[in-house]
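Structural description and commentary
These are the residues of each chain, in order.
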Amino acid sequence: MLSGNEAIARGAYEAGVKVASAYPGTPSTEILESLVSYEGVYAEWAPNEKVAVEVAIGASMGGVRALAAMKHVGVNVAADPIFTASYTGVRGGLVIVTADDPELHSSQNEQDNRHYAVAAKIPMLEPSDSFEAKEFTRLAFELSERFDTPVFLRTTTRISHAKGVVPLGEPSGPPFPPGFARDPAKWVMLPVNAKRRHVLVEERTRALAEFAETFDGNRIEWGDRSLGIVTAGVSYQYVREAFPEASVLKLGLAYPLPSRLFREFAAGVSRVVVVEELDPYLETHVKALGIPAQGKELIPIVGELDPRIVRQGITGEAVPLRAQENVPPRPPSLCPGCPHRGLFFALKKLKVAVLGDIGCYTLAALPPLGAMDSCICMGASIGNAHGMEKALGPEGKGKAVAVIGDSTFLHSGIPGLMDIVYNRGCSTVILLDNRTTAMTGAQENPSTGKTLRGDPTHRLDLPALCRALGVEHVYVVNPHDMERTESVLRREIRRPAPSVVITEAPCVLLPEHRKKQRPVYEVIPDLCTGCKACSKLGCPAIEWVPFTPEEAVAEGKKATQKGMARINPLLCDGCNQCPPLCKFQAILERKA
Amino acid sequence: MSGVRGDVFLAGVGGQGTLLASEVLCEAFLLSGYDVKKSEVHGMAQRGGAVTTHLRFGPKVFSPLIEPGKADLLVAFEKIEALRFAHYLRTGGVMVVNAQEIFPPSVATGQERYPEGVAERLRAVTDRLFLVDALAAALAMREVRAVNMVMVGAASHFLPLPESAYEEALENRLPAGIVAVNTRAFRAGRALIPPGAGALAR
């Protein structure tokens, strides 16, 4: 039983992939984490998706099968090499996985990357379960070489992170020996060459459209002819569940699309409905062929689908459902002991605009910390801070800071910092160094000193890198020491020069931290006055026990005391952030 | 295996080990010859937030998601998480709920109280409610992380699999060093509900 991501890794292995590169991003991360375990495959974390694709292109030029994987927004970062790789074509098969995230389970937007296939003129396969994820990955490599093109493989969260039964195949050897053959007309995209390649790209797309007509991954499942549903990806499963009797046109190739097959299907049914998540991509194509069809007027354009939504959309009959119970929300939050909490608690006191970035620390935007004011995309915080500084002028000095994680900084924050120095800005950039890529599940990166395989490697020196960019004021603080962190920040935001404050403390999810003997703190009930100073940290381990006046008196408190704090020993990580916040010294280390 | 099919919805709090519990359940179904699909979400959702797993078994499974109102069994690792996803349960479905209370942020910071009368509200959803103290069972074994397998053990009464399938699944899916403690946790969980509590009729 494999997840979609594991199935893609298996498919790549069976196809004889030799080089794979990726930047972690939900829901794509496990592809490389799984691929690295296969013998004979070189797999690495790249600092960002653009580099990952460039590595894969280089490997393809070198004559081996190569794969790059990323989440949907990663394709935005990698779009530059991708669009031109469409022109150069490939030597060894080149597959680019885009894992989309309808419903934004762990993303900043809900973009539909099928549009990239059209825009880049690159064929796109779209599996609808783990079984197809493996089959289509193998096929993607073959198509790539056969049509001399990179191939997109598109998944969505419910493919990537759903598990299903997958029979395993045997790995095939490489189709030809590796080696680079000089061919400037193919690889050097000067205008003179690119112009000729563009002609070939158009010919290729016509050939692929012809392939799409007979490709067995595009298939009609004839059933009841009164309803014909056009669908692809995970939506196919919802359709099969909701309408087991209906006729279905299931598309495995999302681009290019098979026009004759559409017409044949439409001619065989009395009503055509398109069921797809996110944008009306297939629907637009169907309608462009002059086929009367329904789509987004029945099926939501926002969020993911399920069989119920599909059934109700098409039948128009709402089946009554038990109302959702009203319970307190449980959003994700920073872990107990998270070093980021100390930084944001200190930062909140400075009353500055906090231009944030992508990572666990984005959760600091939620109450009670509420200490982040923006989050756009990977690396955006630094450019945002610089732009705001230029907008506000001298009066704005000390009013805004950028906050960015170590891995995010290395992904795409470095040019922003270069910009601040180059253009004589004086923003303060706070770099959260927790020695891992935490949000996606603790992946290595260039500043951790380890590779994807876990082998030791050069550990990038963050302070030295910042100094090399021209930042003269670089300070390292321990974010658990909130008093010192606050005083350093107060000093730096006023400084009329660029500065970087690096908060250095390991992520609490790292095994080396978990194995460490750590203290557990407790609130001494007799000393707690219920002032809630510790609650403001928003640590999940600190729990508020409310009192009625009678209960307060029974506890030996004043009747006016509304409650008291308690530390859940199962959750406390012993970070020592809360004890200094208690003016009554009520938080002490628990004796064993 | 006959044409038996079913939908199991697991709900818990990020960090409680629901992912591993669902892995073991899936393996047990596979070993017994079922088609299985399961779907869950990683990343942001795991940081102490509400987490869910959709697990579907049968001769052939299409959708990886369970429809609201269609789950045969709701296994909740925390009390109000049962309430949060109660609308997924079908009429007459079974709920196995851990009585443990984990405060969500608004409760932990004193903005609201942890809901009272949760058991009564759950009973209003189904009279086939089994409230167990999985935390106490795990703590009795001095292994707080075993709460998840205690819950698997308690839930196993309502699934069409022999006990041996779970124990084999534990051996297959877990690192050798923790099989023994998890097998004990599974048995302890199974002992929390009297045999003959009823199968998952459908």
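1. As for the overall build of chain B
In terms of regular secondary structure, chain B is built from eight helices and six strands. The C-alpha radius of gyration computed for chain B amounts to 16 Å, which stays within 12% of the reference 17 Å derived for 202 residues, consistent with globular compactness. By its C-alpha atoms, chain B is 50 × 40 × 35 Å across when sized along the principal axes. Here chain B, with 202 residues, has 57% of them falling under the buried criterion. If you take every contact in chain B between residues at least 6 apart in sequence, the share linking residues at least 24 apart comes to 70%.

2. Details of the overall build of chain A
A tally of regular secondary structure across chain A gives 20 helices and 22 strands. Seen through its C-alpha atoms, chain A measures out along the principal axes to roughly 80 × 65 × 50 Å. The buried share among the 592 residues of chain A stands at 53%. Once local pairs closer than 6 in sequence are excluded, the contacts in chain A between residues at least 24 apart make up 74%.

3. A closer look at the sheet that holds strand 6 (residues 124-125) of chain A
All names here are of chain A. The seven strands are arranged 3-2-4-5-7-6-12 in an open sheet whose pairing can be described as mixed. The sheet terminates laterally at strand 3 (42-45) and strand 12 (253-255), the two strands that pair on one side only. Examined bridge by bridge, strand 5 (residues 94-100) and strand 7 (residues 151-156) share six bridges and lie parallel to one another. In the strand pairing of strand 7, Val95 is matched with Val151.

4. Structural notes on the packing of helix 4 (residues 72-88) of chain A against helix 9 (residues 191-214) of chain A
Helices that pack against each other are described as a pair by the angle of their axes relative to one another and the distance between those axes. All names here are of chain A. It is at 8 Å that the axes of helix 4 and helix 9 come closest, and there the two elements cross at 80 degrees. Accordingly, the angle class assigned to the pair helix 4 and helix 9 is roughly perpendicular. Residues Ser86, Tyr87 and Thr88 of helix 4 touch helix 9, and the partners they reach there are Ala194, Arg197, His198 and Val201. Of the residues in the contact of helix 4 with helix 9, the class split is three nonpolar, three polar and one charged.

5. Notes on the pairing of strand 5 (residues 89-98) of chain B
Residue and element names in this part refer to chain B. A large share of strand 5 lies buried, amounting to seven of its 10 residues. Two elements, strand 4 (residues 71-76) and strand 5, share five bridges in a ladder whose sense is parallel. Bridge pairing in strand 5 links Val75 to Val96. Since strand 4 and strand 5 lie parallel, the crossover through helix 2 (residues 79-84) that links them has a hand, and here it is right-handed. As defined by bridge partners, strand 5 adjoins strand 6 (residues 129-132) across four bridges and the pair is classed as parallel. Residue pairing across strands places Val96 opposite Phe130, the latter belonging to strand 6.

6. Description of the interface of chain B and chain A
The interface is formed by 44 residues belonging to chain B together with 50 residues belonging to chain A. The set of elements that each furnish at least two residues to the side of chain B that touches chain A consists of helix 1 (18-31), strand 2 (35-40), helix 2 and helix 3 (105-108) of chain B. Of the residues contributing to the side of chain B that touches chain A, the split by class is 22 nonpolar, 12 polar and 10 charged. The sheet contact formed by strand 8 (residues 162-164) of chain A and strand 2 of chain B spans two bridges and is antiparallel. Within strand 2 of chain B, the position partnered with Ala162(A) by the bridge is Ser39(B).

7. So, helix 12 (residues 281-288) of chain A
All names here are of chain A. Residues of helix 12 that are buried include every one of Tyr281, Leu282, Glu283, His285 and Val286, and no others. Where helix 12 is buried, its residues touch helix 5 (114-120), strand 10 (224-232), strand 11 (246-251), helix 11 (259-268) and strand 13 (272-275). Positioned one or two residues after helix 12, Gly290 has a phi angle of 85 degrees, which is positive.

8. Looking at the environment of Arg142(B)
Residues and elements named next belong to chain B. Here Arg142 shows up in the loop between helix 5 (134-140) and helix 6 (147-155). A count of 8 C-beta atoms within 10 Å places Arg142 in the exposed class. With 39 residues separating them along the chain, Arg142 and Val181 place their C-alpha atoms 9.9 Å apart.

9. A look at the sheet that holds strand 4 of chain B
Strand order in this open sheet of eight strands is 1(A)-8(A)-2(B)-3(B)-1(B)-4(B)-5(B)-6(B), and the pairing throughout is mixed. Across the chains shown, the open sheet's two edge strands, defined by having one partner strand only, are strand 1 (2-3) of chain A together with strand 6 of chain B. With eight bridges connecting them, strand 1 (residues 6-13) of chain B and strand 3 (residues 50-58) of chain B associate as antiparallel partners. Looking across to strand 3 of chain B, one finds that Val13(B) is bridged to Ala50(B).

10. So, the domain arrangement of chain A
Residue and element names in this part refer to chain A. With domains assigned, chain A is organised as domain 1 (2-214), domain 2 (219-315), domain 3 (339-514) and domain 4 (521-589). Computed over C-alpha atoms, the centres of domain 3 and domain 4 are 31 Å apart. Taken together, the contacts link nine residues of domain 3 with nine residues of domain 4. Those elements that provide at least two residues to the side of domain 3 that touches domain 4 are helix 14 (339-349) and helix 18 (482-494). Per-element accounting of the side of domain 3 that touches domain 4 gives the leading share, three residues, to helix 14. Residues of the side of domain 3 that touches domain 4, tallied by class, amount to five nonpolar, two polar and two charged.

11. A look at the confidence of the model for chain B
Chain-level pLDDT for chain B is 93 on average; 95% of the residues reach the 70-or-more range. Interface confidence for the predicted complex, expressed as ipTM, amounts to 0.94; the pTM equals 0.96.

12. Remarks on the environment of Leu170(B)
Along the chain, Leu170(B) turns up in helix 7 (residues 163-173). For the pair formed by Leu170(B) and Leu19(B), sequence separation is 151 residues and the distance between their alpha carbons is 13 Å.

Thresholds applied
- Residues numbered from 1 in each chain as written.
- Chains lettered and ligands numbered in written order.
- Predicted model: local features only at pLDDT ≥ 70, side-chain atom pairs only at ≥ 80, totals over all residues.
- Helix = DSSP H or I, 4+ residues; strand = E, 2+ residues; numbered from the N terminus.
- Rg over C-alpha atoms; globule rule 2.2 N^0.38 Å.
- Buried ≥ 20, exposed ≤ 12 C-beta atoms within 10 Å, placed from the backbone.
- Contact = placed C-beta atoms within 7 Å.
- Pairing = 2+ DSSP bridges.
- Axes fitted to C-alpha atoms, helices over the stretch in contact; angles between N-to-C directions.
- Parallel < 35°, antiparallel > 145°, perpendicular 65-115°, else oblique.
- Nonpolar A, V, L, I, M, F, W, Y, C, P; charged D, E, K, R; others polar.
- Right-handed = clockwise from strand over helix to strand, strands pointing away.
- Domains from an automatic or database assignment.
- pLDDT = per-residue confidence, 0-100.

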